[in-house]
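Chain by chain, the residues run as shown.
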Amino acid sequence: MLDDVKTRTRWEDLPAGLRAESERILGAPISSATSQAGGFSPGSADRLVAANGRRAFVKAIQRDHNPGAFELHARELVVMAALPATVDAPRLLGSWRDDDTIGLIIEDIDGRHPGEPADGRDLVAILDAFATLPVVTGTALEALPRAADEFVSERDSWKALAADSTGADLPNWVVASFDRLADAASGVCEAVDGEHLLHLDVRADNVIIDPSGRAWLIDWPWAAVGARWVDGVPYLLDARLRGEPIDAEELLRTHPLFAETTDAQVDAMLAGIVGRWFDQARLPAPPSMPTLRAFQRSEALAGVAWLTERWG
């Protein structure tokens, strides 16, 4: 998880209408607003406490600050409004929008991000949270993108690198295993296809662990529909990147989330992730997101380390 607090928009700089709507929903003036670190959005991310003790989490973005992030906030608003109560996610309390700014006012979950003790204690709770994601057939969420379409970049990344790997700085093992990686990644779209709701942006900064140990999934702009297990593999990769002492292979064998998952499907996802991150990490960083490329390369290298263990 990388700290981006310096790029955050401050609460006091948000439109008066959004601040007033937050006070209306909470029923009292805001007595404190604490900006949150983590993630990559250049928008605001504030935990609010009102004078009556009620709390909320507000995230907002201004279109002229980052048009892409503005559209992601709009997507997340649609998803959160449709999430069923069975999903381990905070509830949407309200929203505010004008031509330049969109803000989501969300239930504030008291807790911490996982992985801070770096001992793997939160992994099962997080996989349990992924297991609450329902089949979406016949629901409002059915209109979400298909994971099979969202993973086209992962499928095609090795073709792009084969055509031109300038600046990718591929490790020796990757160069030696290039054809096998490309072959594995070619099946990723079929591997991730299915009918379950997926989060598709699972990192420690997108999960909150409450005092009871329950995991809550936050930040939903990339939600899609696909195979039930898909969120689990990149989260295990993220935990390995942080150096948590987990046995990812044992969790793949034993946790119910992965009950119908094959080795070939896991290999396809890991190879696709590695290829896409190497391909993306060589590009210039987007405006207001200076740490993104370094993070992507670190994820690619973590994926390489896992695949070398799986493949010998």
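All figures in this text were calculated on a predicted structure; none of them were measured in a lab.

1. Some points on the pattern of salt bridges
Phase 1: Counted according to the given criterion, the structure contains 26 salt bridges.
Phase 2: With its nearest N and O atoms 2.7 Å apart, the salt bridge here joins E76 to K59. With E76 in helix 2 (residues 67-82) and K59 in strand 3 (residues 55-62), the pair connects residues that are 17 residues apart, well separated along the chain.
Phase 3: Since its relative accessible area comes to 2%, E76 is described here as buried.
Phase 4: Classification of K59 as buried rests on a relative accessible area of 8%.
Phase 5: One salt bridge connects R203 with D205, and the closest N-O pair in it is separated by 2.7 Å.
Phase 6: Overall, R203 belongs to the buried group, its relative accessible area being 11%.
Phase 7: Members of the salt-bridge network, linked through shared partners, are E249, D263, D267 and R310.

2. Some points on the sheet that holds strand 5 (residues 101-106)
In a beta sheet, neighbouring strands are held together by backbone hydrogen bonds and run either parallel or antiparallel to one another.
Phase 1: Read across the open sheet, the five strands follow the order 1-2-3-5-4; overall the sheet is antiparallel. The open sheet has two free edges, formed respectively by strand 1 (30-35) and strand 4 (92-97), since each of these has just one partner strand. Sheet twist, expressed as the mean angle between neighbouring strand axes with direction ignored, is 25°.
Phase 2: When strand 4 meets strand 5, the two strands line up antiparallel, connected through five bridges. Residue pairing across strands places G94 opposite I105, the latter belonging to strand 5.
Phase 3: Seen against the sheet, helix 1 (residues 16-26) touches strand 1, strand 2 (44-50), strand 3, strand 4 and strand 5 and runs at an angle of roughly 155° to strand 4.

3. Here's the deal with helix 9 (residues 232-241)
Phase 1: With respect to burial, helix 9 is a largely interior element, eight of its ten residues being buried.
Phase 2: Residues of helix 9 that are buried include every one of G232, V233, P234, Y235, L236, L237, D238 and A239, and no others.
Phase 3: Contact partners of the buried residues in helix 9: helix 3 (123-130), strand 7 (207-209), helix 10 (248-254), helix 11 (263-281) and helix 12 (292-311).
Phase 4: At the exit of helix 9 stands G243, carrying a positive phi of roughly 85°.

4. A look at the packing of helix 9 against helix 12
Phase 1: Between helix 9 and helix 12, whose axes approach to 9 Å, the crossing angle comes to 100°. Classed by the angle they form, the pair helix 9 and helix 12 counts as roughly perpendicular. Residues V233, L236, L237, D238, R240 and L241 of helix 9 pack against F295, S298, E299, A302, G303, A305, W306 and E309 of helix 12.

5. Section: helix 5 (residues 152-163)
Phase 1: Taking 1.5 Å per residue, twelve residues should reach 16 Å; helix 5 reaches 17 Å between its end C-alpha atoms and fits that length.
Phase 2: Within the sequence span of helix 5, burial applies to E154, S157, W158 and L161. End-on view of helix 5: buried residues confined to an arc of 85°, all on one side of the axis. Turned more than 90 degrees from where helix 5 packs its buried face, K159, A162 and A163 sit exposed.

6. A word on the layout of surface pockets
Phase 1: Taken as a whole, the second largest pocket holds about 170 Å³ of empty space.
Phase 2: Around the second largest pocket, the lining is made up of 14 residues, and of these A227, R228, W229, L257 and E260 lie nearest the centre.
Phase 3: Across the lining of the second largest pocket, the residue classes tally to five nonpolar, five polar and four charged.

7. Notes on the nonpolar core
Nonpolar side chains in soluble globular proteins generally cluster together in the buried interior.
Phase 1: With 79 residues, the main nonpolar core has L197, W220, V233 and L236 as its most contacted residues.
Phase 2: Top element by residues in this core is helix 11. It accounts for eight residues.
Phase 3: Non-local contacts of W220, meaning those with residues more than four positions away in its chain, are made with E76, V79, M80, L83, V87, A89, L133, L197, L198 and H199.
Phase 4: Counting 14 residues, the second-largest nonpolar core is a separate cluster that includes A28, A56, A60 and W96.

8. Let's talk about the side chain of Q296
Phase 1: Among the secondary structure elements, Q296 is positioned in helix 12.
Phase 2: Separated by 2.9 Å, the side chains of Q296 and R293 make a polar contact.
Phase 3: In this structure, Q296 is in contact with W277, Q280 and A281, ignoring residues within four places of it in sequence.

9. Observations concerning the packing of aromatic side chains
Phase 1: Taken as a whole, this structure holds three aromatic pairs when the rule is applied.
Phase 2: Relative to Y235, the ring of F130 has its centre 6.3 Å away and its plane inclined at 65°; by these criteria the two rings are edge-to-face. You can see F130 sitting in helix 3 and its partner Y235 sitting in helix 9, a full 105 residues away along the chain.
Phase 3: On the basis of relative accessible area, F130 is assigned to the buried category, the value being 1%.
Phase 4: The cationic tip of R63 hangs over the ring face of F70; the distance from NZ or CZ to the ring centre is 4.0 Å.

What counts as what
Residues numbered from 1 in each chain as written. Predicted model: local features only at pLDDT ≥ 70, side-chain atom pairs only at ≥ 80, totals over all residues. Heavy atoms only, no water. Salt bridge = Lys/Arg side-chain N within 4 Å of Asp/Glu carboxyl O. Helix = DSSP H or I, 4+ residues; strand = E, 2+ residues; numbered from the N terminus. Buried < 20%, exposed > 50% of the residue type's maximum accessible area, 1.4 Å probe, protein only. Pairing = 2+ DSSP bridges. Axes fitted to C-alpha atoms, helices over the stretch in contact; angles between N-to-C directions. Contact = heavy atoms within 4.5 Å. Parallel < 35°, antiparallel > 145°, perpendicular 65-115°, else oblique. Expected span 1.5 Å × (residues − 1). Arc of directions from axis to C-beta. 1 Å grid on protein atoms, 1.4 Å probe; cavity = no way out; pocket = protein on both sides within 12 Å on 5 of 7 lines; lining within 4 Å. Points joined across faces, edges and corners; volume = space filled by probe spheres on them. Nonpolar A, V, L, I, M, F, W, Y, C, P; charged D, E, K, R; others polar. Core = buried A, V, L, I, M, F, W, Y, C linked by side-chain atoms within 4.5 Å. Polar contact = N/O pair within 3.5 Å; in protein donor to acceptor, adjacent residues only side chain to side chain. Phe/Tyr/Trp six-rings, centres within 6.5 Å; stacked < 30°, edge-to-face > 60°. Lys NZ or Arg CZ within 6 Å of the ring centre and 35° of its normal.

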